Amino acid sequence: MTNRILFILMLVAGLTAPFFAYPVFVMDLLCFALFACAFNLLLGYAGLLSFGHAAFFGGAAYITGYVTKEWGFSPLLGILAGTGFTLVLGSIFGFLAIRRQGIYFAMVTLALAQIIYFLALQMPFTGGENGLQGIPRGELFGFIDLNNSLAMYYFVFAIFLIGFGIIYRTIYSPFGVVLEAIRENESRALSLGYDVDRFKLLAFIISATVAGLAGATKAIVFQFAALTNAHWQTSGEVILMTLVGGLGTVFGPVVGAITVGALSHELSSFGSWVQVILGTIFVVCVMVFRRGIVGEIQRLATRKKD
Amino acid sequence: MSIQVILAQALLGLNVGVFYAMLSLGLAVIFGLLNIINFAHGAMYMLGAFLALIGYSFLEQWFGVSVQIGFWASLVLVPLLVGLLGVLIERFLLRRLYELDHIYGLLLTFGITLILQGLFSNYFNVSGTPYPGQPESLSGVMNLGFMYFPTYRLFAIVFSLVVCFATWFFIEHTKLGSRLRAGVENPDLTQAFGLNVPLMITLTFAFGAGLAGLAGVLAAPMYSVSPLMGADLIIVVFAVVVIGGMGSIMGAILSGLALGLIEGLTKVFYPPAASTVIFFLMVLVLLFRPAGLFGKEK
Amino acid sequence: MFKHLKQGLVVAVAAASLTLPLTAAGALSDDKVKIGVLSDMSGVYKSLEGPGAVIAAEMAIEDFGGSVMGKSIELISADHQNKPDIGASTAREWIDTKEVDMITALDNSSVALSVQGLAKDKKIITMNTGAGSTALTEEQCSPYGIHYVYDTHALPVGTATAMVKNGGKKWFFITADYAFGHSLRDNTGAVVESMGGSVVGNVNAPLSTNDFSSYLLQAQSSGADVIGLANAGQDTVNAIKQANQFRIVQSGQKLAGMLVFLTDVHSMGLDIAQGLQFTTAFVWNQNEESTAWSNRFNERHGAMPTMVQAGVYSAVTNYLNAVKETGTDDTETVRAKLGEMTLNDMFVKGGKIAPNGSMLHDMYLVEVKKPSESKSEWDLLNVISKIPADQAYISMADTKCSLVN
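Everything quoted here is computed from the prediction, not taken from an experiment.

Helix and strand content of chain A: 13 helices and four strands. Relative to the compact-globule value of 19 Å for 306 residues, chain A shows a C-alpha radius of gyration of 19 Å, a close match. Dimensions of chain A along its principal axes, counting C-alpha atoms only, are 50 × 40 × 40 Å. The buried share of chain A, taken over its 306 residues, is 58%. As displayed, chain A offers around 12200 Å² of accessible surface, 67% of which is attributable to carbon and sulfur atoms.

Here it is as structure tokens:
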């Protein structure tokens, strides 16, 4: 019930947003919201903390940027290329990382992401610290000019809905139920005969791919693939968004991304105090607000029922 | 590639390596004994360096106190202060998270890192402020034949090694150390024997934090003091601890030294890869010897 | 009859004066002039541009009178944190939502290139005072991008020429690993080779490196006569200080600071920096006007101005002059006017903005004074020679800018 209300709210807000706020800013929020949803699938539902998701987010941006700028791909094909790249990368990383548990898993993902960061820094086509600049917006389906902010916005919103839909379907499916069971008690799931590693790997791949979709889209929006998107600090940002919004809830990451994103933006004139504030929110969330915004809303909703 | 070049870069690598060793030692102590990943370790290192800097240059300016806390005093005072912060963090924040999934401890310390980094970024330049308090007695250079090496850096290497091995000895070969280890292996039983386990845990965390602070003071005269000096270092230190073995003190020390050397030598042959070679090694270790080179599978 | 004529005249003049403000108001977009200062406010380049650039811009607006054609002049500023994506998205938001007409400062060549590219698409003038890369007026030139104070071609013409003439034939570079560093190294290498010298090696260091020791040792073992520091700001300061710690210069090699600012010299101190030669566009005591202005700046900022901060003052003033003279802030019109003007103020004499955006002006080769020579805290430099504009900057015949050739 809460889900349905939240979905309608999200749809309405998304459709009307460009008329109330700066479209480029909202598009940025949407990309991060999608990234956070992808991350949440892995942490909130499969119970796997990945410290290297920025590799997918940032890596896809480079691939998309390159194929649209140098090879003249259309924006849609470009985004698909970037997403395809993270599908493959996610499979490789997942295969290597799944063999380890808990904190070791996080460490492997971090190490692998650092290797991608190194490649992003060194490979000639990425432009190193300068990043890949001048990525064309292009034309969608050959006739919709994406340099028009409104057109670009609805394209991004559509992609967001598709990505969100993928995550949603994954969560609310037999697959998703098993994932949660694995998160709750892995040995029991194993004893029940489930190929636990295969489930975790699949969740990882889906998560990585959607994260890549978000990063690829961001590259077209800002016409820029930046090195910072592949830095581990971006992985940290998405953890914060998911936590604030609500770990293990479907809409939590979206709410979290909007909250953190808007906060950072409004407070940007305060310089480094933003970091202090975000850090404090982090600490407060971990200590007393673990369910996050959406989690608390859900709890209140179920309480009211009694 | 002359032998002089290799020796010089190796010595520089050792210079970095002792810092890796000291920091991974603190991290390993905390993880090995408490099962907590202290993401704030890098920030505590940074805090140590800043406390030394503030104590030397800013007490008059900021607090109207015309005292100057010199380098040697900082070496003693700062680790105590950072350790005190560690006590507060453990007692009032971390302790409440022990029942929960380990990631919450990690996330809490990550949040603390952001707070500390942001705080100092507001008052100090992100790219570094020099520490003017290097003691006269350690200024100057030593002619080692194959290179001139600043005396202070030599001091830092020796001092760090002494601290590392003293810590290892204390934990592995003293009665207090063995009680600490017992307290972690089996807190209930140890407590039944009358030992105050929660106190030991708090002190252990404080000790790890203090070590990080000490490393910060040592680093201040060598590198500039920057709010982000711990940020990229912490990732490398994680790698070192994983390679050495998450629970092994000696593993952390030896891996830190070895990896500093490897990084230094990589700079001779293929500089761009220097900062990433450690991660390649970490992936290899995690795949083939997950407990680390010296660790015991937990 | 005269009475009617006079009344008619009065009415005519009144009517005319009523319409005049209307056309003038229509000529200023959003009824005001808004200038943006986008700089590194917190990191490696903070001292050489940063908050000082904001003060310089404020002074320019105040000295101009605070308004143009009766409309207000507004200033907005932000920190790009040396991240080109933040720089570009801030500039984009400024242009899309904050009605910015001109963006200045823009230190850090990566940020500069990305913002100039964006401004080109959005038809906004950028007057870059802080960045160095020649790409701004060469390969990536823009009809609305102006490069005002110095570039990586001018710097080695001064410094490298002098050092090669003094016997520094073999060069090894420590390069900041991004647009500016690469551009500086390439341009310097070209000058060195054109004079019969050679580049024996190069190592890339990330921007904002704290520890140059291993790079310096590589430079030492290369057998070069000169270690060229293709970096700036805090990086240069750190490298020179550490070179001193490792006795590099005492062991026989020379250091070439390819881009050094007054604030760097001040930060290093004359003991370490004495004898260092470098190329600059402005010395605060170069004439009476500049001395007077610099003292005012020092009072507000707490430090004497660097060439780029003085450049911001000059750029903003000349921009406002162009707006006033054309009666509009329309980009094409103002840019054309700027190209026609000969710039004469405390910062530059006889400056001309070329079609590729380069502001052509004389440069100076300076040397850091010995401690005994310095008479006050900021009396740090001796001017050795002047490098005329036509030698310092790439000529229109040779420029790779597609707008010209």
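That shown, we press on.
Moving on to the overall build of chain B. From N to C terminus, chain B includes 11 helices and two strands. Listing each helix as α and each strand as β along chain B from the N terminus yields α-α-α-α-β-β-α-α-α-α-α-α-α. Over its C-alpha trace chain B gives a radius of gyration of 19 Å, about what one expects of a compact globule, namely 19 Å for 298 residues. For chain B, buried positions account for 60% of its 298 residues. Look at the contacts in chain B between residues 6 or more apart in sequence, and 77% of them connect residues 24 or more apart. When the accessible surface of chain B is totalled, it reaches about 11600 Å², and 68% of it is carbon and sulfur. Separation of charge centres in chain B, based on 11 positive and 11 negative side chains, amounts to 7 Å.

For sheets, the rule is that strands pair by backbone hydrogen bonds, running either parallel or antiparallel. Residues and elements named next belong to chain C. Here we have six strands laid out as an open sheet, ordered E2-E3-E1-E4-E5-E6, and mixed in their pairing. One side of each edge strand has no neighbouring strand; the edge strands of this open sheet are strand E2 (67–68) and strand E6 (145–147). Two elements, strand E1 (residues 33–39) and strand E4 (residues 102–105), share four bridges in a ladder whose sense is parallel. For Val-37, the partnering residue across the bridge sits in E4 and is Thr-104. Running over the sheet, helix H13 (residues 331–340) touches strand E5 (125–128) and E6 and is turned about 35° from E5.

Attention shifts here to helix H2 (residues 41–63) of chain B. Its 23 residues place the ends of H2(B) only 27 Å apart at the C-alpha level, less than the 33 Å of an ideal helix rising 1.5 Å per residue. Downstream of H2(B) by a residue or two, Gly64(B) has a phi angle that is positive, lying close to 70°.

Residues and elements named next belong to chain C. Applying the stated rule across the entire model yields one disulfide over all chains. The disulfide that involves Cys-141 links it to Cys-401, with 2.0 Å between the sulfurs. Its S-S torsion of about 85° marks the bond between Cys-141 and Cys-401 as right-handed, since a negative value means left-handed. Here Cys-401 lies in the segment after helix H14 (389–392) and Cys-141 lies in the loop between E5 and E6, a separation of 260 residues in the sequence.

How big an interface is tends to be reported as the loss of accessible area on association of its parts. On the chain B side, the residues contacting the 21 residues of chain C number 22 residues. Across the interface of chain C and chain B, roughly 1800 Å² is buried in total on both sides, 52% from carbon and sulfur atoms. Considering only the side of chain C, the residues that lose the most area to chain B are Asn210(C), Gln245(C) and Phe246(C), jointly responsible for 27% of the buried surface there. Applying the counting rule to chain C against chain B returns one salt bridge. Asp211(C) is the salt-bridge partner of Arg153(B), the closest N and O atoms lying 3.3 Å from each other. The interface formed by chain C and chain B contains nine residue pairs in polar contact (both at pLDDT 80 or more). Those elements giving two or more residues to the side of chain C that touches chain B turn out to be helix H7 (213–221) and helix H8 (234–245) of chain C.

Scoring rules and cut-offs
Residues numbered from 1 in each chain as written. Chains lettered and ligands numbered in written order. Predicted model: local features only at pLDDT ≥ 70, side-chain atom pairs only at ≥ 80, totals over all residues. Heavy atoms only, no water. Helix = DSSP H or I, 4+ residues; strand = E, 2+ residues; numbered from the N terminus. Rg over C-alpha atoms; globule rule 2.2 N^0.38 Å. Buried < 20%, exposed > 50% of the residue type's maximum accessible area, 1.4 Å probe, protein only. Areas by Shrake-Rupley, 256 points an atom, 1.4 Å probe, with all protein chains shown as cover. Contact = heavy atoms within 4.5 Å. Lys, Arg positive; Asp, Glu negative; His and termini not counted. Charge placed at Lys NZ, Arg CZ, Asp CG, Glu CD. Pairing = 2+ DSSP bridges. Axes fitted to C-alpha atoms, helices over the stretch in contact; angles between N-to-C directions. Expected span 1.5 Å × (residues − 1). Disulfide = S-S within 2.5 Å. Buried area = accessible area lost by both parts, 1.4 Å probe. Salt bridge = Lys/Arg side-chain N within 4 Å of Asp/Glu carboxyl O. Polar contact = N/O pair within 3.5 Å; in protein donor to acceptor, adjacent residues only side chain to side chain.

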